[in-house]
Amino acid sequence: MSYDLQAVIAEGEALRGVARDLPAARLASIGQGLSLMPMTDALFDSVADGSGVGALGFWRLPGGFEKTLAAWSAGGPVAYVEAEYFGGAGEQRAAVWDGGSIVLGPLHVEERQPFPPTGSPISQALRRLGVVASAGEDEFSAVGLDRHRHGEAWID
C-alpha cells in the first residue's frame, strides 16, 4: 500500500481567501477547522516561477512558491507538507510560515528513520497550526489525513 501527499494546509477561511486568486487550486476541508490544498500538477504549473523546485528540500514545492506561502502567512500560520510511503517505509517533510517567515522547519524524516519524540514532521506542523490530538492519536490522524491515500483523492 502506498500513501502520498503534497499540500498546503491552513485555517479554512484563510486558505479559501488566498486560493480565490489561483484558478488551479482545489481545497478540501479536514478536521479542526483546517483546509488542505493538494499540490496538483495544474497548481504546480500555475504557481511555479520557472526556477525549478524550491530550495527548502521539498520534492514538489514549486520554485518561488515559498514567497507566496510567506505572504499568505501574514493572516495566520500556513504549512506545506509532503509524505510518501510504500509498504510502511517512506519520508515526511514539513514547514510552517507565520507572520511572513518560516517558524518551523523545514523538517525532514528520511526513510527508515524513526520520528523524533516531538512527532512526525507533519504532526509537528499541524500542532503549530493549532491541532490538538486526543490520547492515543497524533495530529496527523486527529485531522483525518489518513482518510485518503493519495493527495488528489481529496479533491476528486
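Here's the deal with unusual backbone geometry
For the bond from Gly105 to Pro106, the omega torsion is 5°, close enough to zero to count as cis. Mapped onto the elements, Pro106 comes out in strand E6 (residues 101–109).

What about the pairing of strand E4 (residues 78–86)?
Counting buried positions over the nine residues of E4 gives seven, a clear majority of the element. Looking at chain direction, strand E1 (residues 2–11) and E4 are connected through nine bridges and run antiparallel. Looking at the pairing, Leu5 lines up with Ala83 of E4.

Some words on the pairing of strand E3 (residues 34–38)
Counted residue by residue, E3 has five buried out of five residues, so it is predominantly covered. Alternating positions in E3 separate into two faces, Leu34, Leu36 and Pro38 on one and Ser35 and Met37 on the other, with burial throughout. With two bridges joining them, strand E2 (residues 28–29) and E3 adopt antiparallel strand pairing. The residue of E3 that forms the bridge with Ser29 is Ser35. In this structure, the hairpin formed by E2 and E3 is closed by a connection of four residues, where Gln32 is found at a positive phi of approximately 60°.

So, the confidence of the model for the protein chain
Confidence along the protein chain averages 85 in pLDDT terms, with 89% of residues attaining 70 or more. Confidence scores differ between elements of the protein chain, with helix H5 (residues 139–142) showing the lowest mean pLDDT of 83 and E3 the highest of 93.

The rules behind these values
- Residues numbered from 1 in each chain as written.
- Predicted model: local features only at pLDDT ≥ 70, side-chain atom pairs only at ≥ 80, totals over all residues.
- Heavy atoms only, no water.
- Helix = DSSP H or I, 4+ residues; strand = E, 2+ residues; numbered from the N terminus.
- Buried < 20%, exposed > 50% of the residue type's maximum accessible area, 1.4 Å probe, protein only.
- Pairing = 2+ DSSP bridges.
- pLDDT = per-residue confidence, 0-100.

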